[in-house]
Amino acid sequence: MANLPYAKLLAMALLVVTALPSCLQQSSHDVPLIRVQAGEDIPAEPLGNDGNAKQGFDVYHDYLVIGAGPSGLQMGFFLERAGRDYLILERGDGAGTFYKQYPRHRKLISINKRNTGKTNKEFNWRHDWNSLLSDDESLELRHYSKEFFPKADILVQYLHDYATKLKLKVQYNTNVQGVSRVANHTAIAKHLFILRDQTNRTYACQTLIVATGIWVPNTPDFRGHEHTVGYEDMSLDPEDYEGKTVLILGRGNSAFETADHIIHATNLIHMVARSRVRLSWATHYVGDLRAVNNGLLDTYQLKSLDGVMEADMEKAGVVNISGKLYLDTFNERGLGPNELEDDSDRLPNAPPKIPADNFSAREPYDIIIRALGFKFDNSIFDESTAVKMGRDRKKKYPTINHNYESSNVPGMFFAGTCTHSLDFRKSAGGFIHGFRYTARAMFHLLEWRNHGVPWPSVSLPITQLLSTIVKRLNEGSGFYQMYSVLGDIIILKNGGKSFTYLEEFPVRLLPALPKVAGHDGEQFIVVALEYGKNFSGPGKDIFREDRATGEPSNAHNSNFLHPVFYHYDKLPSEADMLARPEKWILPRPNHLHHTVEDFLTSFTAPKSHILPIRRFLETSLDTDLRSFFAESCFKMALKHRSVPQECQEHYLQGQGLIPTAPIHTHAVKPGLVK
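Residues numbered from 1 in each chain as written. Predicted model: local features only at pLDDT ≥ 70, side-chain atom pairs only at ≥ 80, totals over all residues. Heavy atoms only, no water.

Engineer: I would appreciate a short explanation of the sheet that holds strand S7 (residues 202-205) in the present structure.
Structural biologist: One key point about sheets: their strands pair by backbone hydrogen bonds, in either a parallel or an antiparallel sense. Overall, mixed pairing links the four strands, which are arranged S1-S7-S6-S5 in an open sheet. Two strands in the sheet have a free side with no partner beyond their single neighbour: strand S1 (59-60) and strand S5 (178-183). Two strands pair when backbone bridges link them, and S5 and strand S6 (residues 191-196) are joined in this way by six bridges, in the antiparallel orientation. Among the inter-strand pairings, Val179 is bridged to a residue of S6, identified as Leu195. (Pairing = 2+ DSSP bridges. Helix = DSSP H or I, 4+ residues; strand = E, 2+ residues; numbered from the N terminus.)

Set out below in structure tokens:
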């Protein structure tokens, strides 16, 4: 056999590997990687550990992560802890490149609440908006800064320490400039991804995780945009705005952050955007305008020259007249900005026409700043991996499925802000305190998809269900931060005598639970945290006197964050999910229960919280979940044929009384026992 040609040896090796069942090909990692000539079709499984497989590429890893920002590092932590073969590619010379420049004025708006009065670590994660999940307690931002809104440079240092201390596999100064895919019949998705960097070095993987964030400045093409300066390029020296009249295009936190930075130096600041201001405390969406940045609203409403206007800049333009900048919105025929008639007949140095003599922006500006947010960079993908983008307000995000996989490119997953299309304006998935949990959820999904590892769970007797739920409601951080998106799943088994508990599962994937998480059962209960469906929103008076209820019987009208339980006799279908009522996160269940909101967000009141939950569970499961003293169990065992589950498991331990012959005879006659 030693004299056989190399090609025949290779063919035999390929035959052996491809003859394996697909499930073994996708999970076995103990067979050495076969080295072949460039361009040949090699099996992607079993995968090697040296990362040097050659098939028209230089480096191979099971997982490649693009971006060493917060989400990329968070994915790296989970992959590292699980012992997976991965590499993170980062274009910058260190972790968190985006935060070395942004926010421009260097103050974060994510809170650093160091003290909660509690020592429960999981509870405290509910109020830490900056740290990434890890097993190292020193890697929490509260150890880096005492400021409630820390400086961005602190976060950069934190991310560097996170990558270094956890020994994450990050390759810096690697700018991925091309992403393509090639067919491979043994790969899970039937293809490999090929990445090319600035030196034309190529990297291959089966699973690609894009964690690049939303970092490309949004620059609409309106007339005269060349006369404006972008948020990314504006001067940070207040002296450059001394005595200037400034117009800011935009209505988000970057626009208001800019205004707050220069407001003490300017003559006045006007702000224009196509939609009204959305205040985060009115919408419960952290991406809307935060109170820490809204100083301009004070000066606007307290008649101090500054103001806020609404206009669509794509239908307007900017005209430069002798160094003064005018906002040009006059358009007699309703034409678009690129269709306007030639205005060359206008007198030299004459300002543009205005729609009315009291037009709000009739006076010129010295400086116009674009602060219009950011969008996803899809320039690195070729035609084989072209990312489908969202529509309307979600057009800056790639479209993805609820397992965080690309909607049109199998095997390409997204992490971090890139996934925010799933919960845009609904939850916190676009921010560190939200996507650290969706990254963990995606990791669990990938563990089942790629390695056959089921979603982590704990199985307990049904008598411990209530205490398990109450504990989670009062400390769980993932479904607290990612409310309405992640929820706990309770799977009833053994005729309702035991349950399996899964934490922080994407509730939108409930119909596919067995397929994506490796768990099935008889009945299902979903525990989620939700705001009142009609409570908040722009223009809503969320401080009205009747904004809250404390009456358990009125719990379904709770407005603030509160637990909602959904009980299903069987898993709902995807058709059920699509037909769910408006604003509902799940289809109509067999039983539904709202736990009344609580001012302290502490759902421990015996009568208002725990008793209604127990009664809901007993109704749904048709069982008695009360706890009993031994004396009560003894009396019930003497008087009844059956006793509650609590007595069966703890007092009787499933055995009952050991009868003597006379007692047994006495029990048989009336039919108490057979």
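Following the structure, the description resumes.
Engineer: Please clarify how the pattern of salt bridges should be interpreted in this entry.
Structural biologist: Pairs can form between side chains of opposite charge once their charged atoms are near each other. With the rule as written, the count across this model stands at 24 salt bridges. A salt bridge links Asp488 to Arg472, with the nearest nitrogen and oxygen atoms 2.7 Å apart. With Asp488 in strand S20 (residues 486-493) and Arg472 in helix H10 (residues 465-475), the pair connects residues that are 16 residues apart, well separated along the chain. Note on Asp488: relative accessible area 0%, which makes it buried. (Salt bridge = Lys/Arg side-chain N within 4 Å of Asp/Glu carboxyl O. Buried < 20%, exposed > 50% of the residue type's maximum accessible area, 1.4 Å probe, protein only.)

Engineer: Just to check I follow, could you spell out the nonpolar core for this structure?
Structural biologist: As a rule of thumb, soluble globular proteins bury nonpolar side chains together. Among the nonpolar cores identified, the biggest contains 122 residues, and Leu73, Leu195, Leu208 and Ile209 are the most heavily contacted of them. The leading source of residues in this core is helix H9 (residues 432-451), at nine residues. By size, the runner-up hydrophobic cluster in this structure holds 24 residues, among which are Ile490, Ile525, Leu561 and Phe565. (Core = buried A, V, L, I, M, F, W, Y, C linked by side-chain atoms within 4.5 Å.)

Engineer: Is there a simple way to explain the packing of aromatic side chains in this structure?
Structural biologist: To describe a pair of aromatic rings, you give the distance between the ring centres and the angle between the ring planes. If you walk through the whole model with that rule in mind, you get 22 aromatic pairs. Plain terms: the ring middles of Tyr483 and Tyr531 are 5.1 Å apart, the flat faces sit at 85° to each other, and that makes the pair edge-to-face. Remark: Tyr531 occurs in the loop between strand S22 (523-530) and strand S23 (562-568) and Tyr483 occurs in the loop between helix H11 (478-481) and S20; sequence separation between them is 48 residues. In terms of burial, Tyr483 and Tyr531 fall into one category: buried. For the ring pair Tyr531 and Phe560, a centre distance of 5.5 Å and an interplane angle of 90° mean the geometry is edge-to-face. Here Tyr531, found in the loop between S22 and S23, pairs with Phe560, found in the loop between S22 and S23; they are 29 residues apart in sequence, far enough to count as distant. Look at Tyr531 and you get buried, because its relative accessible area is 19%. Sitting above the plane of the Phe123 ring, Lys118 keeps its charged end 5.3 Å from the centroid. Positioned above the aromatic ring of Trp584 is the side chain of Lys533, whose terminal nitrogen or guanidinium carbon lies 5.4 Å from the ring centre. (Phe/Tyr/Trp six-rings, centres within 6.5 Å; stacked < 30°, edge-to-face > 60°. Lys NZ or Arg CZ within 6 Å of the ring centre and 35° of its normal.)

Engineer: What's the story with a nonpolar patch on the surface in this structure? I'm lost.
Structural biologist: Among the surface-exposed residues, Phe634, Leu638 and Tyr651 lie close enough to one another that they form a single nonpolar patch of about 270 Å² accessible area. Within the element layout of this structure, Leu638 appears in helix H15 (residues 630-639). The exposure class of Leu638 is exposed, given its relative accessible area of 51%. (Patch = residues over 30% accessible without salt bridge, like charges linked within 9 Å, V, L, I, M, F, W, Y side chains within 5 Å. Areas by Shrake-Rupley, 256 points an atom, 1.4 Å probe, with all protein chains shown as cover.)

Engineer: Even after reading the chapter, I still don't get the state of the cysteines, so can you show me in this structure?
Structural biologist: In protein chemistry, a disulfide is the covalent bond that joins the sulfur atoms of two cysteines. Following the criterion strictly, the structure yields one disulfide and no others. The disulfide bridge from Cys633 ends at Cys647, spanning 2.0 Å between sulfur atoms. Between Cys633 and Cys647 the disulfide shows an S-S torsion of about -80°. By sign, it is left-handed. Here Cys633, found in helix H15, pairs with Cys647, found in helix H16 (residues 645-651); they are 14 residues apart in sequence, far enough to count as distant. (Disulfide = S-S within 2.5 Å.)

Engineer: Which parts of the structure should I look at to understand the pairing of strand S2 (residues 63-66)?
Structural biologist: Every other side chain in a regular strand lies on the same face of the sheet, so the side chains alternate between the two faces. On S2, burial covers both faces: Tyr63 and Val65 on one face and Leu64 and Ile66 on the other are all buried. The sheet contact formed by S2 and strand S3 (residues 86-89) spans four bridges and is parallel. Pairing of Ile66 across the sheet is with Leu89, part of S3.

Engineer: How should I be thinking about the confidence of the model for the protein chain in this particular structure?
Structural biologist: This prediction gives the protein chain a mean pLDDT of 87; 88% of its residues lie at or above 70. Taken together, the stretch residues 1-54 has pLDDT below 50 and engages in 86 contacts with residues farther than four places along the chain or on a different chain. For the stretch residues 332-342, pLDDT sits under 50, and the model shows 11 contacts to residues farther than four places along the chain or on other chains. (pLDDT = per-residue confidence, 0-100. Contact = heavy atoms within 4.5 Å.)

Engineer: Help me understand empty space enclosed by the protein, please; the structure alone is not making it clear to me.
Structural biologist: To locate leftover empty space, one rolls a probe as large as a water molecule over the atoms. A complete count under the given rule lists three cavities of 30 Å³ or more for this structure. Its boundaries defined by the atoms lining it, the largest cavity holds a volume of some 50 Å³. (1 Å grid on protein atoms, 1.4 Å probe; cavity = no way out; pocket = protein on both sides within 12 Å on 5 of 7 lines; lining within 4 Å. Points joined across faces, edges and corners; volume = space filled by probe spheres on them.)

Engineer: Honestly, the packing of H10 against helix H14 (residues 606-621) in this entry has me stumped. Any pointers?
Structural biologist: A pair of packed helices is captured by two measures, namely the crossing angle of their axes and the spacing between those axes. Interhelical geometry of H10 versus H14 gives an angle of 135° and a closest axis separation of 11 Å. In this view, H10 runs oblique relative to H14, as classed from their interaxial angle. Classified by chirality, the crossing of H14 by H10 is right-handed. Between H10 and H14, the residues in contact are Leu465, Leu466, Ile469, Val470 and Leu473 and Ile610, Ile613, Arg614, Leu617 and Leu621, respectively. Residues that form the contact of H10 with H14 fall into these classes: nine nonpolar, no polar and one charged. (Axes fitted to C-alpha atoms, helices over the stretch in contact; angles between N-to-C directions. Parallel < 35°, antiparallel > 145°, perpendicular 65-115°, else oblique. Left-handed = near helix turned anticlockwise from the far one by under 90°. Nonpolar A, V, L, I, M, F, W, Y, C, P; charged D, E, K, R; others polar.)

Engineer: What's the story with the pairing of S3 in this structure? I'm lost.
Structural biologist: With burial as the criterion, each face of S3 is covered, one bearing Tyr86 and Ile88 and the other bearing Leu87 and Leu89. For the crossover that starts at S2, traverses helix H3 (residues 70-81) and ends in the parallel S3, the hand is right-handed. The pairing of S3 with strand S4 (residues 170-171) spans two bridges and is parallel. When the sheet's bridge partners are listed, Ile88 is paired in S4 with Val170. (Right-handed = clockwise from strand over helix to strand, strands pointing away.)

Engineer: Help me out: how do you make sense of the environment of Val453 in this one?
Structural biologist: Looking at where Val453 falls in the secondary structure, it is placed in the loop between H9 and strand S19 (458-461). A relative accessible area of 33% means that Val453 is categorised as partly exposed. Put simply, Val453 and Ala517 are 64 residues apart on the chain and 8.3 Å apart in space, counted from C-alpha to C-alpha. With sequence-adjacent residues up to four places away left out, Val453 is seen in contact with Arg84, His444, Glu447 and Trp448.

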